Amino acid sequence: MLDLIPENQRRTVDELDDRLDLSSGDVRAKQSAFWLMLFLSSVIAAAGVASDSTATVIGAMIVAPLATPILGVGLGLVTGRGRLALTSLLYVGAGMVMVIVIGIAVAQILPNPSTVLANSQVVGRTSPTLMDLLAALATGLVGSIAVTRRDLGDVLPGVAIAISLVPPLAVTGVCFGSGAPSLAIGAFILFASNMIAMIITCTVVLVFARYHDVADVGRRRRRRAYVVLSAAFVLVTVPMVLNSLSAVWVRQVHDATEQWLADTPGAEVSGVTWHGGTATISVLGPEKLPPLTDLEESVHDLLPWESDIVVIHDVGERLDG
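Residues numbered from 1 in each chain as written. Predicted model: local features only at pLDDT ≥ 70, side-chain atom pairs only at ≥ 80, totals over all residues. Heavy atoms only, no water.

**Concerning the overall build of the protein chain**
- A count of helical and extended segments in the protein chain gives twelve helices and three strands.
- Each principal axis of the C-alpha atoms in the protein chain carries an extent, and together these give about 75 × 45 × 30 Å.
- Accessible area for the protein chain stands at about 15900 Å²; split by element, carbon and sulfur atoms hold 62% of it.
- Between the mean site of the 20 positive side-chain charges and the mean site of the 28 negative ones, the protein chain shows a separation of 21 Å. (Helix = DSSP H or I, 4+ residues; strand = E, 2+ residues; numbered from the N terminus. Areas by Shrake-Rupley, 256 points an atom, 1.4 Å probe, with all protein chains shown as cover. Lys, Arg positive; Asp, Glu negative; His and termini not counted. Charge placed at Lys NZ, Arg CZ, Asp CG, Glu CD.)

See below:
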């Protein structure tokens, strides 16, 4: 870590406290800035999600201060200060509630909340995969190194954009407010994975940089905290693994359906979805299709278990103007 955090650019523990501990130093100024910026970023994010505006959502990412207490959790764990870790978690929890409530409120003023569920801001955040987790780990590593070095403060806005903390919470609120709890849970899993990835990478960076030398508790107590953190990481990883596998299976079912329709002129696969072990395939084509048993055999050979297949057949053809 000497190359990643040169001694002449290394921040002291007191400097990290000043940046990450919202309950030390000028507490009133820190807390007012945190809550004001979090409130405004929540409104911006919810509005961006509702209007399907990527630029607006990016603006919310830059403004959002939620990464500060999340990194504070990592600092508290490494330095053995349970108060700092717990207080930072309380800030994160209260901030989560604020963002979700604002998202629910925004959904209530929409003329037709259900239409929001199909826009790109929602769809892109409700089925996180292992690629999202990998990006979160890499981004958390960048942010953790930047916060410990005096010369890398300029990269933090980029980290704020990449780690995506407030937008998934805004999507969670909007989905709850629109009557789609399953989508809301998916968006919350994305937030939780990003948060845990940031805490883990912060912990790793601080340990290798030997900030734990100032810890006032024994190794056993810190290891216990690391075990809890690892268990949380596994917990959020499981649904992301399942989503990744589902994406692979959807692609395989799509390819098998195209092969099934290869000898049917004008037929095409318009969509494949996977839910609860059932593959729903939308097909656009002539009235007569090949025997469904052929497709069932192909799909059953691909998947590791017996699955149900539903084919939605729209009779017609695609006309491009």
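**Comments concerning helix H7 (residues 130–148)**
- Counted at 1.5 Å a residue, the expected span for H7 with its 19 residues is 27 Å, and the 27 Å between its end C-alpha atoms agrees.
- Buried within H7 are the following residues: Leu133, Ala136, Thr139, Gly140, Gly143, Ser144, Ile145, Ala146, Val147 and Thr148. (Expected span 1.5 Å × (residues − 1). Buried < 20%, exposed > 50% of the residue type's maximum accessible area, 1.4 Å probe, protein only.)

**Things to note about unusual backbone geometry**
- Phi is positive for Asp52, which is not a glycine, with a value near 55°.
- Mapped onto the secondary structure, Asp52 falls in the loop between helix H2 (27–51) and helix H3 (54–63).
- On the accessibility criterion, Asp52 (33% relative accessible area) is partly exposed.

**Considering the packing of H2 against helix H5 (residues 82–108)**
- For the pair H2 and H5, the least separation of the axes is 9 Å and the interaxial angle reads 35°. Both H2 and H5 take part in a crossing whose hand is right-handed. Residues Gln31, Phe34, Trp35, Leu38, Phe39, Ser42, Val43, Ala46 and Ala50 of H2 form the contact with H5, whose own contacting residues are Tyr91, Ala94, Gly95, Met98, Val99, Ile102, Gly103 and Val106. (Axes fitted to C-alpha atoms, helices over the stretch in contact; angles between N-to-C directions. Left-handed = near helix turned anticlockwise from the far one by under 90°. Contact = heavy atoms within 4.5 Å.)

**A look at helix H10 (residues 181–208)**
- If you check H10, its first and last C-alpha atoms are 40 Å apart, about what 28 residues at 1.5 Å a residue would give, namely 40 Å.
- Directly beyond the C-terminal end of H10, a positive phi value near 65° is found at Arg210.

**Thoughts on the nonpolar core**
- Within the largest apolar cluster, 59 residues are counted, with the highest numbers of intra-cluster contacts made by Val49, Leu66 and Phe191.
- Excluding anything up to four places from it in sequence, Val49 contacts Val57, Val116, Asn119, Gln121, Val122, Ala170, Val171 and Val174. (Core = buried A, V, L, I, M, F, W, Y, C linked by side-chain atoms within 4.5 Å.)

**Section: the pattern of salt bridges**
- Throughout the structure, instances matching the rule amount to six salt bridges.
- Its salt-bridge partner being Glu15, residue Arg150 comes within 3.0 Å of it at the nearest N-O pair. Note that Arg150 is positioned in the loop between H7 and helix H8 (156–163) and Glu15 in helix H1 (residues 13–20), a separation of 135 residues in sequence.
- Given a relative accessible area of 37%, Arg150 falls into the partly exposed group.
- For the salt bridge of Asp151 with Arg149, the shortest nitrogen-to-oxygen distance reads 2.8 Å. (Salt bridge = Lys/Arg side-chain N within 4 Å of Asp/Glu carboxyl O.)

**Re the confidence of the model for the protein chain**
- Chain-level statistics for the protein chain give a pLDDT mean of 85 and a share of 90% at 70 or above.
- Looking across the protein chain, the model is least confident in H8, with a mean pLDDT of 68, and most confident in H5, with 94. (pLDDT = per-residue confidence, 0-100.)

**Remarks on the packing of aromatic side chains**
- Under the counting rule described, the total for this entry stands at four aromatic pairs.
- On the basis of an interplanar angle of 80° and a centroid distance of 5.8 Å, the ring pair of Phe34 and Tyr91 is categorised as edge-to-face. Of the two residues, Phe34 is situated in helix H2 and Tyr91 in helix H5; the sequence distance between them amounts to 57 residues.
- Site record: aromatic cluster; members linked through ring pairs are Phe34, Trp35 and Tyr91.
- Lying over the aromatic face of Tyr211, Arg10 brings its terminal NZ or CZ to 4.1 Å of the ring centre. (Phe/Tyr/Trp six-rings, centres within 6.5 Å; stacked < 30°, edge-to-face > 60°. Lys NZ or Arg CZ within 6 Å of the ring centre and 35° of its normal.)

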